[in-house]
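Structural overview
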Amino acid sequence: METVDTIALVKLDEMDSKDDEVRQYIYSLTTDQYHDTIDIKVNGESKSYPVTIID
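One structure accompanies this document, and this report is about it. On a predicted model such as this, the values are computed, not experimentally measured, just so you know. (Residues numbered from 1 in each chain as written. Predicted model: local features only at pLDDT ≥ 70, side-chain atom pairs only at ≥ 80, totals over all residues. Heavy atoms only, no water.)

**A closer look at the sheet that holds strand 1 (residues 2-4)**
Across the sheet, four strands lie side by side as 1-2-3-4; this open sheet has mixed pairing. The open sheet has two edge strands, strand 1 and strand 4 (45-47), and neither has a second partner. Ignoring which end each strand starts from, the neighbouring axes of this sheet average 40° apart. Looking at chain direction, strand 3 (residues 37-42) and strand 4 are connected through three bridges and run antiparallel. Residue pairing across strands places K41 opposite S46, the latter belonging to strand 4. (Pairing = 2+ DSSP bridges. Helix = DSSP H or I, 4+ residues; strand = E, 2+ residues; numbered from the N terminus. Axes fitted to C-alpha atoms, helices over the stretch in contact; angles between N-to-C directions.)

This is the structure in structure tokens:
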């Protein structure tokens, strides 16, 4: 993760799997008052993502 202005930028890279099994991962990100946007990039491309916000 890195910060660009007020954006928390999360960079993920997909790797080729040896099998066809689908795997799901859950990530938790805690930000502070300086971040107002989260941008997730997978293999360099911004992606939309399902979000659950716990405040």
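**Re the environment of V22**
In this structure, V22 sits in the loop between strand 2 (7-12) and strand 3. Along the sequence, V22 and L12 sit 10 residues apart, while their C-alpha atoms lie 17 Å from each other.

**Quick notes on the environment of S17**
Locating S17 in the fold gives a position in the loop between strand 2 and strand 3. The class for S17 is partly exposed, based on a relative accessible area of 40%. Each C-alpha atom, one on S17 and one on S28, is 24 Å from the other, the two residues being 11 residues apart in sequence. (Buried < 20%, exposed > 50% of the residue type's maximum accessible area, 1.4 Å probe, protein only.)

**Re the pattern of salt bridges**
Following the criterion strictly, the structure yields two salt bridges and no others. Between D39 and K41 there is a salt bridge, with the nearest N and O atoms lying 3.8 Å from each other. You can call K41 partly exposed: its relative accessible area is 24%. (Salt bridge = Lys/Arg side-chain N within 4 Å of Asp/Glu carboxyl O.)

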